[in-house]
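As a plain string of letters, each chain reads:
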Amino acid sequence: MIELSEKDKPIAQMLLNFGACPRCIFRFCRVELQAPYRRPEKELLCELHTFLKSNNNETEASCETVQPPSKRIRLENPKEEAEEQTPNGSHQLTDAEKDGNTTDENLRPPSVCTVCLGILQELCEMDFVKAVCQKINSSEYQFSSFVFSVSFPPQLSVREHAAWLLVKEEIGKQDLLAEKEDLVQLKEAYKWIIHPLFLEELGVPADGKSLFEVSVVFAHPETDEDCHFLTKACPSCFKPAKNKQSVFTRMAVVKALELIDDDDFLKNFQSPPPKTPCTAVDIQCTNGAVFVAGRYNKYSRTLPQTPWIIDGERKMESSVEELISEHLMTTFKADSFNFSSSGREDVDVRTLGNGRPFAIELVNPRRVHLTAEEMKALQQTINNSSDKIQVHDLQIVTREAIGHMKEGEEGKTKSYNALIWTEKEIRNEDVAVLDSMKELKLDQKTPLRVLHRRPLAVRVRVIHTMQSEYIDEHHFRLRLKTQAGTYIKEFVHGDFGRTKPNIGSLLGTTADILELDVESVDTDWPPALDN
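Nothing here was measured: the structure is a model prediction, and the numbers come from that model. (Residues numbered from 1 in each chain as written. Predicted model: local features only at pLDDT ≥ 70, side-chain atom pairs only at ≥ 80, totals over all residues. Heavy atoms only, no water.)

### A look at the overall build of the protein
The condition that has to hold: By definition, any uninterrupted DSSP run of H or I lasting at least four residues is a helix, any uninterrupted run of E lasting at least two residues is a strand, and each is numbered from the N terminus. Under the scheme applied here, a residue whose accessible area is under 20% of the maximum for its type counts as buried, over 50% as exposed, and between as partly exposed, the area being computed with a 1.4 Å probe on protein chains only. What makes two residues a contact is simply this: any of their non-hydrogen atoms within 4.5 Å. With residues, only the protein chains shown are counted as cover, and all accessible areas are computed by Shrake-Rupley using a 1.4 Å probe.
When you go through the protein residue by residue, the secondary structure sums to 17 helices and 15 strands. The proportion of buried residues among the 531 residues of the protein is 48%. The long-range fraction of contacts in the protein, counting pairs at least 24 apart against all pairs at least 6 apart in sequence, stands at 77%. Of the roughly 26,400 Å² of accessible surface on the protein, a fraction of 49% belongs to carbon and sulfur atoms.

Following this line, the structure appears as structure tokens:
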């Protein structure tokens, strides 16, 4: 039973004359039940003709077009198509179809819809779904649901507007009220049809919140010029942009259609019936990022945290980032990664103790789920691969949890162990004076060594506590607990007076730092695991 009422018959007949497919006729008649859209198109077409036939007397009982063809329709090759189509762009009916006795053998396939350009015809059938699923399955993604996104050519908005103007005129004759926004949107109807087919083929449901996305881009080169007349009517809507391949974006076309006068539109656009349907020019699968967090220890004084490249030349063989990420990339089969951490140490600084928190964003991973045992095995693989680093507490976290690593960055504390040289001879009591200094405030100008990548500023930092350990006349160790973001090397040697006070000024001598170790980064993230 077709889901149309008596008041819909004039609109349905007019749209059929226009060359619309049954599903587009449902959309413009505001059929919001999903089930009718999912029925076979041939069946819908037959029932539509039967429905329209019931409204006519015997002399008008044919399922052929009963209205003269729209003046807005122009056949490009009328001689070639005369035997195939009626003037409205729909197919010529056989005697059996006129009588309502239609079978699969004598029902011809419908012509390409003038409105949707085939989107709601063969492009939402099982054959197309199987082709998309073949692409999905060959990509080896791990997923338990999916979100299906589609991109339609912008000229569909033009053709839909042309059909709407016809419908609006007919609605006005019936003294009915309706807005263009009341129509069932093409994308919505398309997903009503195609989602159950994907469920049948893939065995997993469509879910708008899924991190696995299947995107299809449709194109219809034959009608690409449908939008061109809008540039004269609304030139301000089509401004070139560097990041856009064409000025005819969907948003630009929709904006122009809102501005153009109905008469101007009808005068300049004729809705020629298409010869071929849209084609899927691109099918892409992407998984949402996986975030892996943990802590690392760095035991080498010749290993940078991230790749050290100056003027295109690599200065060090590897980095902490690479030693960790290469194994994550392989395991999760990701396209790329982004590394971040709670602060950073210089290449000649070790990170000991409980390690430094880090997080890695794995972009478009094929694998997204690892068990706790698999994560432990991955951690061990990383640790066995190098004696320069070790990781622990390796775990999968959420995007939101990454924020905990950066929250209150300046309020965190870090502990260091520095080996310091002094120019003049010192005694134990000389350095012991540092032990009594608490909450020492520093004014630190941006260090000269990082001025090329950080803005010039004076930052106030705090040394919470210091504990000295005398070694000999020119050397001592100093353990410090400081506010995060404190430049320890500059606190020792003064950076040509850019850090005040400094160890040199406090002891009345020139001082320099020989070794520095990070002993702890005091944050409870990520959570400790039983490794």
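### Quick notes on the packing of aromatic side chains
The condition that has to hold: Ring geometry is summarised as follows: Phe, Tyr and Trp rings, the Trp one being its six-membered ring, pair when their centres sit within 6.5 Å, and such pairs are stacked at plane angles under 30 degrees, edge-to-face over 60 and tilted between the two.
All told, the structure shown has 17 aromatic pairs when counted by the stated rule. Seen from their ring centres, Phe152 and Phe218 are 5.8 Å apart, and the 35° between their planes marks the pair as tilted. Of the two residues, Phe152 sits in the loop between β1 (147–151) and α7 (155–173) while Phe218 sits in strand β2 (residues 212–219), which places them 66 residues apart along the sequence. Residue Phe152 shares its accessibility class with Phe218, and that shared class is buried.

### Overview of the environment of Leu370
Position of Leu370 among the secondary structure elements: in the loop between β8 (350–363) and α13 (372–385). Note: C-alpha distance between Leu370 and Thr331 (39 residues apart in sequence) is 9.4 Å. Apart from the residues within four sequence positions on either side, Leu370 is in contact with Thr331, Phe332, Met375, Leu378 and Ile396.

### Regarding the pairing of β8
Filter applied, for reference: One bridge is not enough; two strands pair if DSSP finds at least two bridges between them.
Sheet analysis places strand β4 (residues 290–298) next to β8, joined by eight bridges and oriented antiparallel. Note that in β8 the partner of Lys298 across the bridge is Thr351. Alignment of strand β7 (residues 336–341) against β8, held across six bridges, turns out to be antiparallel. Among the inter-strand pairings, Asn338 is bridged to a residue of β8, identified as Glu361. Sheet topology note: the β8/strand β15 (residues 511–522) ladder contains two bridges and is parallel. Paired with Thr351 across the strands is Val518, a residue of β15.

### Things to note about the sheet that holds strand β3 (residues 279–287)
Filter applied, for reference: Lines fitted to C-alpha atoms define the axes, with helix axes restricted to the stretch in contact, and inter-axis angles between N-to-C directions lie between 0 and 180 degrees.
Overall, mixed pairing links the three strands, which are arranged β1-β2-β3 in an open sheet. The strands lining the two open edges of the sheet, one partner per strand, are β1 and β3. Geometrically, the sheet is characterised by an average inter-axis angle of 20° between neighbouring strands, direction not taken into account. As defined by bridge partners, β2 adjoins β3 across eight bridges and the pair is classed as antiparallel. Across the sheet, residue Glu213 finds its bridge partner in β3, namely Thr286.

### Considering the packing of α7 against helix α10 (residues 250–259)
What counts, and what does not: Working definition: roughly parallel below 35 degrees, roughly antiparallel above 145 degrees, roughly perpendicular at 65 to 115 degrees, and oblique for all remaining angles. Handedness of a crossing follows from how the near helix is turned relative to the far one, being left-handed for an anticlockwise turn of less than a right angle and right-handed for a clockwise one. We call Asp, Glu, Lys and Arg charged. Ala, Val, Leu, Ile, Met, Phe, Trp, Tyr, Cys and Pro are nonpolar, and the rest, Gly among them, are polar.
Where α7 meets α10, the axes come as close as 8 Å, and the angle between the chain directions of the two elements is 25°. One finds that α7 runs roughly parallel with respect to α10. Of the two possible hands of crossing, α7 and α10 adopt the one that is right-handed. On α10, the residues touching Ser157, Val158 and His161 of α7 are Arg250, Val253, Val254 and Leu257. Here the residues of the contact of α7 with α10 sort into four nonpolar, two polar and one charged.

### What about the confidence of the model for the protein?
As a reminder, the rule being used: A residue's pLDDT is the predictor's confidence in that residue, given on a scale from 0 to 100.
Mean pLDDT over the protein: 87, with 88% of residues reaching 70 or higher. Between residues 57–109, whose pLDDT stays under 50, and residues either more than four places distant or in other chains, the model counts 96 contacts.

### A few points about the nonpolar core
Note the cut-off: Buried Ala, Val, Leu, Ile, Met, Phe, Trp, Tyr and Cys residues form a nonpolar core when they are joined through side-chain atoms within 4.5 Å.
Among the nonpolar cores identified, the biggest contains 83 residues, and Leu4, Ile119, Leu120, Tyr190, Phe198 and Phe218 are the most heavily contacted of them. Residues contacting Tyr190, with those up to four places away along its chain left out, are Ile119, Leu120, Leu123, Cys124, Phe128, Phe148, Val150, Phe152 and Phe218. Core analysis: the second largest hydrophobic core is formed by 24 residues, Ile488, Leu507, Ile513 and Val518 among them.

### A word on α10
The criterion, for reference: Arc, as used here, means the arc of the directions from the helix axis to the C-beta atoms.
Taken residue by residue, α10 has Ala252, Val253, Ala256 and Leu257 as its buried positions. For α10, the angular spread of buried residues about the axis comes to 135°, placing them on one side. In α10, the exposed positions that point more than 90 degrees away from the buried face belong to Met251, Glu258 and Leu259. Tucked into the core, α10 has its buried residues touching α7, α9 (230–233) and α11 (262–268).

### Re a negative patch on the surface
Note the threshold: Exposure above 30% relative accessible area and the lack of any salt bridge qualify a residue for a patch; like charges then connect within 9 Å, and the nonpolar side chains Val, Leu, Ile, Met, Phe, Trp and Tyr within 5 Å. The rule for a salt bridge is simple: a side-chain nitrogen of Lys or Arg has to be within 4 Å of a carboxyl oxygen of Asp or Glu. For the purpose of charge, His is not counted, nor are the chain termini; Lys and Arg are scored as positive and Asp and Glu as negative. Charged side chains are reduced to one point each, which is NZ for Lys, CZ for Arg, CG for Asp and CD for Glu.
A grouping of Glu32, Glu179, Glu181, Asp182, Glu188 and Glu258 is seen on the molecular surface, where their side chains present a negatively charged patch. Mapped onto the elements of the fold, Glu32 is located in the loop between α2 (22–28) and α3 (41–53). In this structure Glu32 comes out as exposed when scored by relative accessible area, which is 58%.

### Looking at unusual backbone geometry
With an omega of -15°, the peptide bond running from Lys500 to Pro501 counts as cis. The peptide bond linking Trp525 to Pro526 adopts the cis configuration, its omega dihedral lying at -5°. Considering the arrangement of structural elements, one finds Pro526 in the segment after β15. Even without being glycine, Glu439 reaches a positive phi, approximately 50°. Position of Glu439 among the secondary structure elements: in the loop between α15 (428–432) and β11 (440–445).

### Quick notes on the environment of Thr413
Stated formally: Here a polar contact is recorded for every N or O atom pair within 3.5 Å, except that within protein the pair must consist of a potential hydrogen donor and a potential acceptor, and residues adjacent in sequence are included only if both atoms are side-chain atoms.
By secondary structure assignment, the location of Thr413 is in strand β10 (residues 413–422). Taking relative accessible area as the criterion, Thr413 reaches 18% and is therefore assigned buried. In this view, Thr413 contacts His464, Lys481, Thr482, Ala484, Val521 and Asp522; residues no more than four positions away in its chain are not counted. A distance of 2.7 Å separates polar atoms of two side chains, one belonging to Thr413 and the other to Asp522.

### Thoughts on helix α14 (residues 399–406)
Those residues of α14 lying buried are Ala401, Ile402 and Met405. Taken down its axis, α14 places every buried residue within 110° of arc, on the same side. Those residues of α14 that are buried lie in contact with β4, β7, β8 and β9 (389–397).

### Some points on the state of the cysteines
We count it as follows: Defined by distance alone, a disulfide is two cysteine sulfur atoms within 2.5 Å.
Enumeration according to the criterion identifies zero disulfides in this entry. With no disulfide partner, Cys285 has as its closest neighbouring cysteine sulfur the one in Cys133, 9.3 Å distant.

### A few points about the pattern of salt bridges
Side chains carrying opposite charge are able to pair once their charged atoms draw close together. This model, assessed by the stated rule, comprises 25 salt bridges. Here Glu43 and Arg39 are joined by a salt bridge, their closest N and O atoms 2.7 Å apart. Note on Glu43: relative accessible area 37%, which makes it partly exposed. Residue classification places Arg39 among the buried residues on the basis of a relative accessible area of 18%. For the salt bridge of Arg301 with Glu515, the shortest nitrogen-to-oxygen distance reads 3.7 Å. One end of the pair, Arg301, is in the loop between β4 and β5 (309–310); the other, Glu515, is in strand β15, with 214 residues separating them in the sequence. Overall, Arg301 belongs to the partly exposed group, its relative accessible area being 26%. Bridged by salt links that share partners, the residues Arg301, Arg350, Arg477, Glu515 and Asp517 form one connected network.

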